[in-house]
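Residue-level structural notes
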Amino acid sequence: MASVTLDRRFSVLPPIKKEESMDVNSNMMNNGENYHRTENSESVRKLSQENGISRSVNLDIPEQPFSSILKKTRQFQEFDSFDKEENLRLEEEIKLHHLEKLMNRFHKHKPEAILLQAGTGFFPAKTLPRTPGCMNLAEFKQTISDVLVTDEYDDYLEKLFMKLDSSGSGYVDWNEFCTYLLLLYRENDYMRTKREIPFLVEPKIRHIVQNRQEQTTKIVAVDGPTRYVTISREGAISVWYPSMQYDKYYIISDDEVDTSQKRRFKMWVTDAIYMPNCHKIAIASTSRDIRFFDTSTAQYFEEWHLFALPDVPYCFDYYYDKRNPNSESLLIFGNDTGDINILRFYKPVTQLFNVPFKNEGGAHKIFMQNLHEHSKYIGHTVLPAVHPELIRQVQFVPDNDMIISSCASPVKSIVISVTSLKKVYVFKIDKGVECFDFSKKLNILVTGSLDHNIRLWNPYVTFKPMAVLEGHGTGVIGVKIHEGLMQVFSYSKEAVVKVWDIKEHALLQTVILKFPSSIHGRMPEHGQFPIHLQPSPQSSLLVTCNDYIGLLKLGRTSIPHSDTVNTHDTQLCCAIYNPMFKQVATGCDSSVIALWDIETGNKSVVLSNAHMEEEITCMTFDSSYRRLLSGARNGTIKVWNFQNGHNLHKLEAVAEAEVTGIMPLLDKKIILAVGWSRQITLYEDSDPDSMYVHAQQTWKGGQLHKDDILTIDFCPPNLLCTASFDGEIIIWDVETEKVFNRLRKGAASNLKKKIEDMSSVTEKSTESDRPKSMNSRPNSRHQKSHKLEKGSPSQWQAMLHKDSQTAPVDKVLFLKGRATGRNMEVSSLVTSEGGYIRFWCLYGARNEMGYFYAPDQPDESILGMCTNQNNSLLVTGDTTGHIKVWDILSYCIRFQDKGRIKSKPLLEAHWRAHDSAIVSVEFAKHDTGDYIISASTDKTARLWTLREGQYIGTFGQKRSWNLKEPTTWAHPRTPWTLNVDSSKKDTDSSTTVSDSKSQLTDGADLDLQPEGDKLHGNQPEKTRIKSPDLVLPPVETKTVETTDEKPTKTSKREPRELRPVDKESRSDGDFNQLRVKYRSQTFAFNSMRPERSQTFLGIRVEKELLRKQKDRKERRENFGDITLKKTQQYGKLCSPFQALSVPTVVDIKIPNNMPLSSRMISKGYTSQNLTEDMVMNMDFSYGGRDSPQGGDQVGEPVAPKKVVPGSKAGSREKESRSSMRSTPRVFAAPTLKKHHTVA
């Protein structure tokens, strides 16, 4: 469902029908949003129930009015003028007692019957009874004035009445008025706390089967590559991909051999932390030990085991210097007695502990009492008695060596120990602190407690919090600060995530996670640390509940700061003007429709997600200007009441093809639609209550277009014009639905079939017979030009000469003022074809009267055209971003004896309007003058004066303008002089083709382009995706050779302008004037345009294949071909990157004085008898797959290993992993064993 937002103080969502109940909370959850509401008085709820609204609607109507109506009336009488801009709008001035009076007025309203015919002495008067409670405009204005005791809003009441009367019946009842205000009040409360909500998609919930129904204690994220690791309370370690796909798992076991399926755990995991600089995970347990697991390889293994700690470590934090990873690092942990321990690793990357080699496998055991023997690598410090009980969380702040810790004690809930200043800050909270988070950048401390509240603290003010955030129904067990969004994420015991704004201290969103273990009213169980915030690029929030894990993807990770003024976040499709409401409607590729006030430039209404995520391709108003019709790229059409965002009708899509034109005919009560389906589709428009309208393909004239219909226009009373991609132009009579005149016939033969037949000589075509309109080529307005590429195949000249005769018709426009006149030999239709403007007469044998090329640069197109009311001026917008105003008052008003008119009309004005292609220009007649509204693919819509081209402003700018006061206009400045820096960025981003979205690199790994299909000469190569519609075989361009002359080198051809083909003067050798319709060519004018798959593979598969193709091409350029000899030059199968990084093997001679270890000397080795073969046979690798071998095996030959039977753990093994080792072994899952202490 599309959401609707109105400007600053006016915001609504799609209205609910009168007979239906409206559950605001459920609707908000369906859209991924939650709104904080306040309770209202019983009278408001009673008012809602009387009008079909359920009690779940909460209105934020202040109990006290903004001002006294009588007082304002007296002030108004005392002053001669009243400035309405300094006062509130009418909707905000109405209070609860006003609503009660209005309700009584509507209910008691009994209008008089409408007199149709006066009575006489013989016949009574004929009257038409009116429905009670339905007021006309005069009665409505009088009722509002009586209730508000003022007449100051009379002018505004007419606009309000038109907004309420969406059906155009001329009457408004209480239900329509009440629904309008209810939606307004509901959104006024939301707009006070509205921010960009972070979670826009549904959460991903996964079951951790390996936990065996035990809670997850901690979630950590390891890098290189990024993986999420969950550790259960009883020691099950599960590894997940960022997409929440399960990878593998391990088990920490007490027993040496455990073949049973019973759980025999003697310890519980208390916390875990990832150490990024040394790629290790530290896990603490109730056995008073800390285990260090190595994660640098594909298989994790336990490397160190620090045991026999005096107390149980309960919480961790880790710090290292990112600029110097091998410098001193800190592992801070709090224990169950209230002490804080600090382990200082002096060389964490090199080695954590000083432990020699040993014979047996497994982890290195370090006795805590012997930690002083490792003083070269580690140091230990204890801060005693920081808290009176168990420490729940600890955090280290490196700026001033500050340690923050928390516990459940009300005496010392939070303790901040500043070691550099030797100062301690103590915070006291009644029920203690369960969790906290600190941000040095924002200088804020956030705590969560079992009293359901979240507190924001200044870290140096201990006696009072800055704010207390209330809203959770149970205890808060997790909080995280997002510095980029300046928001706080909180997680409670009932599995509810809430988002809070730090500045406004307001609730922005509530997400209820429906874990299977939390349904049926049961309180779920959670681990000690159930929340984890993953930064960019993953940008996710992970939470746990029992043995489930949930991932919430962040939609936006930072607040954008840009001086660039944009109307939408993506490129626009069009901008249309509504003269009745004096509003401009704009639509964009992100499926957003916005309405703007033309008098001020302010945004009035926003319909977000209008067509789900599909691009909006066309929009139009009906002749009553009360409804807005929009079409999308997937073929869907919707009818809107744009004043309140209500979706009135949904029209059935005839095909999943782009809709390029919609034409509502109110007199016929039908709606016509055209597009890439190549059909004229009819929809019944007689039933206003019918939501879904079926398509009717019963056009009596037949479906004559053989190619995609790109444009449509209507000329009253009954002429309709359609034009297609193959250049065909047809005039229809709407009354009879028959062809009135065919101005030009399209290509008769099937060009696609001929090209495919020629392509089958070199390769067999595997393309389906799917119509080429099914979104196989880019949006019609995104195609910049239609010229023929340089070096086109010479052997196709004869065929293309016959089949490709004209450029596609981009726009048709009726000159309605000329068409309604009596002169039959006047041009009344204008078309745009590849930059050429052509004028047509609809009657007689001769139709084309003249043409001229409008753009300044060659090979450009005109996508937008409009004219003023008397058809004296023609406005064109081209693909270079320029607008031209032509004087056509006396142009092509009669035929010439010599033939067609080829001269240009008088140019009235010409200016640069946008950075990229202009997709539409619209004429706007206003009381203050005539204006031009332009929309472009540079994401902006702008307002200009008609004749002078003065820049008034861009829709979406912060500063409003006033059409009555030219001093508020941007003129004499231009969009490029307002902000030079931002305009340069816009130009660069809009004129450069996006590499990731419109370009592909060549390669042999992915057959997206034939190898020989390259441009000739020094022209930059353009890459094209292999389209299902048009397959061009690999050929080369050659010059025509004669028998009398020697063969010459291929000459470069200069690009020519795309001109309309004159059938009379065209010769067989004039091949440079041909146009080939490359449907697979995309012009991405902006990098923010939504990415779409340009082949049948899909965008994800394309990206992965292109990445592999690029990597393989880069390797071949650097190292040459990859062969088995290169990858096995060391005697073992190695990674290609390792093998190719050293292309040649250099023999190394052993020096005579090479130092030997004592263990090697004990084996009988000396520097004299040591040979290279003996060194090559020494085993320097780890003995086990998961744990390092002892040092006694150094120098001994490597014996063949026995196959180890699979254990109970379930890691997924792959053949690629086992092939990387010299001796293949079978492992079901690595089991991390816990060994006894070695004295």
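Quantities reported herein were computed from a predicted structural model and do not represent experimental measurements.

Looking now at the overall build of the protein chain. Secondary structure assignment for the protein chain yields 20 helices and 62 strands. Split into buried and exposed, the 1239 residues of the protein chain put 53% on the buried side. Across the protein chain, the fraction of contacts at a sequence separation of at least 24, relative to all contacts at a separation of at least 6, is 55%. Surface accessibility of the protein chain: about 58700 Å² in total, with carbon and sulfur atoms responsible for 50%.

Now for the sheet that holds strand β57 (residues 906-912). Strand order across the open sheet formed by four strands is β54-β55-β56-β57, with antiparallel pairing between neighbours. Of all the strands in the sheet, the pair left with one neighbour each is β54 (862-867) and β57. For this sheet, the mean inter-axis angle between neighbouring strands, taken without regard to orientation, is 20°. With five bridges connecting them, strand β55 (residues 873-878) and strand β56 (residues 882-887) associate as antiparallel partners. Counted as the bridge partner of T876 is K884 from β56.

Our focus in this paragraph is a nonpolar patch on the surface. There is a patch of nonpolar side chains on the surface, built from I114, L116 and L128 and spanning about 260 Å² of accessible area. Take I114: it is sitting in strand β2 (residues 114-117). Residue classification places I114 among the partly exposed positions, given a relative accessible area of 31%.

This part covers the packing of aromatic side chains. Overall, the coordinates contain 34 aromatic pairs when judged by the stated rule. Both rings, one in F106 and one in W174, keep their centres 5.6 Å apart while their planes meet at 45°; by these two values the pair is tilted. With F106 in helix α5 (residues 96-108) and W174 in helix α8 (residues 174-191), this residue pair connects regions lying 68 residues apart in the sequence. Where F427 meets W457, the ring centres are 5.1 Å apart and the plane angle is 80°; that geometry is what we call edge-to-face. Here W457 lies in strand β24 (residues 453-457) and F427 lies in strand β21 (residues 423-427), a separation of 30 residues in the sequence. With relative accessibility at 3%, the residue W457 sits in the buried group. Aromatic rings pair up to connect F106, F140, F161, W174 and F177 into one cluster. A cation sits over an aromatic face here: R233 above W268, 3.9 Å from the ring centre. When the ring centre of Y300 is taken as origin, the NZ or CZ atom of K248, which lies over that ring, is 5.0 Å away.

Turning to its location among the elements, G555 is positioned in the loop between β32 (548-553) and β33 (572-578). Placed 354 residues apart in sequence, G555 and V201 show a C-alpha to C-alpha distance of 7.9 Å. Among residues more than four places away in sequence, those in contact with G555 are P198 and L200.

At a minimum axis separation of 10 Å, α5 and helix α6 (residues 137-148) run at an interaxial angle of 140°. α6 is crossed by α5, and the crossing has right-handed handedness. Contacts between α5 and α6 pair H98, K101, L102, R105 and F106 from the former with F140, T143, I144, D146, V147 and L148 from the latter. A breakdown of the residues in the contact of α5 with α6 according to their chemical character gives six nonpolar, two polar and three charged.

Time to look at the sheet that holds strand β41 (residues 659-665). The strand order across the open sheet built from four strands is β41-β42-β43-β45, with neighbouring strands paired in antiparallel fashion. Both edges of this open sheet fall to β41 and β45 (695-696), since each of them pairs with a single strand only. Bridge count for β41 against strand β42 (residues 670-675) is six bridges, and the pairing is antiparallel. Bridged to L665 within β42 is I670.

Here P459 lies in the loop between β24 and β25 (467-470). Sequence separation between P459 and V426 is 33 residues, and the spatial gap between their C-alpha atoms is 9.8 Å. Among residues more than four places away in sequence, those in contact with P459 are I416, Y425, F427, F438 and N443.

When helix α7 (residues 154-164) is considered as a whole, its buried residues turn out to be Y156, L157, L160, F161, K163 and L164. Looking straight down α7, one finds its buried side chains confined to an arc of 155°; they lie on one side.

Throughout the structure, instances matching the rule amount to 27 salt bridges. K218 serves as the salt-bridge partner of D271, at 3.2 Å between the closest nitrogen and oxygen. Of this pair, D271 sits in strand β9 (residues 269-275) while K218 sits in strand β5 (residues 216-222), and the two are 53 residues apart along the sequence. Its relative accessible area of 11% is what places K218 among the buried residues. Between R633 and E658 there is a salt bridge, and its shortest N-O distance comes to 3.2 Å. You can see R633 sitting in the loop between β38 (628-632) and β39 (637-641) and its partner E658 sitting in the loop between β40 (646-651) and β41, a full 25 residues away along the chain.

Attention now moves to the confidence of the model for the protein chain. Counting all residues, the mean pLDDT for the protein chain is 74, and 67% of those residues have values of 70 or more. Mean pLDDT values over the elements of the protein chain span from 35, in helix α14 (residues 995-998), up to 96, in strand β13 (residues 313-319). Below a pLDDT of 50 lies the segment residues 4-87, which in the model reaches 177 contacts outside its immediate sequence neighbourhood of four places, other chains included. Counted against residues more than four places away or in other chains, residues 1182-1239, with its pLDDT under 50, gives 146 contacts.

Relative to the elements of secondary structure, A819 occurs in helix α11 (residues 816-819). Linking A819 and L829, residues 10 residues apart in sequence, is a C-alpha distance of 8.4 Å. Those residues within four positions of A819 in sequence are excluded, and the remaining contacts are C715 and S828.

Burial within β38 is extensive, with five of its five residues counted as buried. With five bridges connecting them, strand β37 (residues 616-621) and β38 associate as antiparallel partners. Bridging from a neighbouring strand, C618 pairs with G631 of β38. In this antiparallel pair of consecutive strands, β37 and β38, the connection spans six residues, and Y625 shows a positive phi of 60°. Joining the antiparallel neighbours β38 and β39 is a turn of four residues, in which G635 adopts a positive phi near 95°.

It helps to recall that an α-helix has 3.6 residues per turn; residues three or four apart then point in one direction. Helix length check: α5, at 13 residues, gives a terminal C-alpha distance of 19 Å against a target of 18 Å (1.5 Å per residue), a fit within 8%. Every buried residue of α5 is listed here: L96, H98, L99, L102, M103 and F106. With its buried residues spanning 150° around the axis, α5 presents them on a single face.

A few words on the packing of α6 against α7. At a minimum axis distance of 10 Å, the contact between α6 and α7 shows a crossing angle of 125°. Viewed along their axes, α6 and α7 adopt a mutual orientation that is oblique. When the axes of α6 and α7 are compared, the crossing they make is right-handed. Contact with α6, carried on its side by L137, F140, K141, I144 and S145, involves D154, L157, E158, L160, F161 and L164 of α7 and no other residues of that element. The residue makeup of the contact of α6 with α7, split by class, is seven nonpolar, one polar and three charged.

Below, the discussion takes up the side chain of H374. For H374, the position within the fold is in the loop between β16 (364-367) and β17 (378-383). What makes H374 buried here is its relative accessible area of 7%. Within the local environment of H374, its side chain forms a polar contact with the backbone nitrogen of N354, the two atoms lying 3.0 Å apart. Residue contacts for H374: discarding those within four places in its chain leaves F353, N354, V355 and I366.

The subject of this paragraph is unusual backbone geometry. Residues S536 and P537 are joined by a peptide bond in cis, for which omega reads 10°. Inspection of the secondary structure puts P537 in the loop between β30 (531-534) and β31 (540-545). One non-glycine residue, M486, adopts positive backbone phi at about 55°. Among the residues examined, M486 registers a relative accessible area of 22% and is labelled partly exposed. Even without glycine at this site, K669 takes up a positive phi of about 55°. A residue is classified by how much of its surface remains accessible, and K669, at 46% relative accessible area, is partly exposed.

Here is what the cut-offs are and how they apply
- Residues numbered from 1 in each chain as written.
- Predicted model: local features only at pLDDT ≥ 70, side-chain atom pairs only at ≥ 80, totals over all residues.
- Heavy atoms only, no water.
- Helix = DSSP H or I, 4+ residues; strand = E, 2+ residues; numbered from the N terminus.
- Buried < 20%, exposed > 50% of the residue type's maximum accessible area, 1.4 Å probe, protein only.
- Contact = heavy atoms within 4.5 Å.
- Areas by Shrake-Rupley, 256 points an atom, 1.4 Å probe, with all protein chains shown as cover.
- Pairing = 2+ DSSP bridges.
- Axes fitted to C-alpha atoms, helices over the stretch in contact; angles between N-to-C directions.
- Patch = residues over 30% accessible without salt bridge, like charges linked within 9 Å, V, L, I, M, F, W, Y side chains within 5 Å.
- Salt bridge = Lys/Arg side-chain N within 4 Å of Asp/Glu carboxyl O.
- Phe/Tyr/Trp six-rings, centres within 6.5 Å; stacked < 30°, edge-to-face > 60°.
- Lys NZ or Arg CZ within 6 Å of the ring centre and 35° of its normal.
- Left-handed = near helix turned anticlockwise from the far one by under 90°.
- Nonpolar A, V, L, I, M, F, W, Y, C, P; charged D, E, K, R; others polar.
- Arc of directions from axis to C-beta.
- pLDDT = per-residue confidence, 0-100.
- Expected span 1.5 Å × (residues − 1).
- Parallel < 35°, antiparallel > 145°, perpendicular 65-115°, else oblique.
- Polar contact = N/O pair within 3.5 Å; in protein donor to acceptor, adjacent residues only side chain to side chain.

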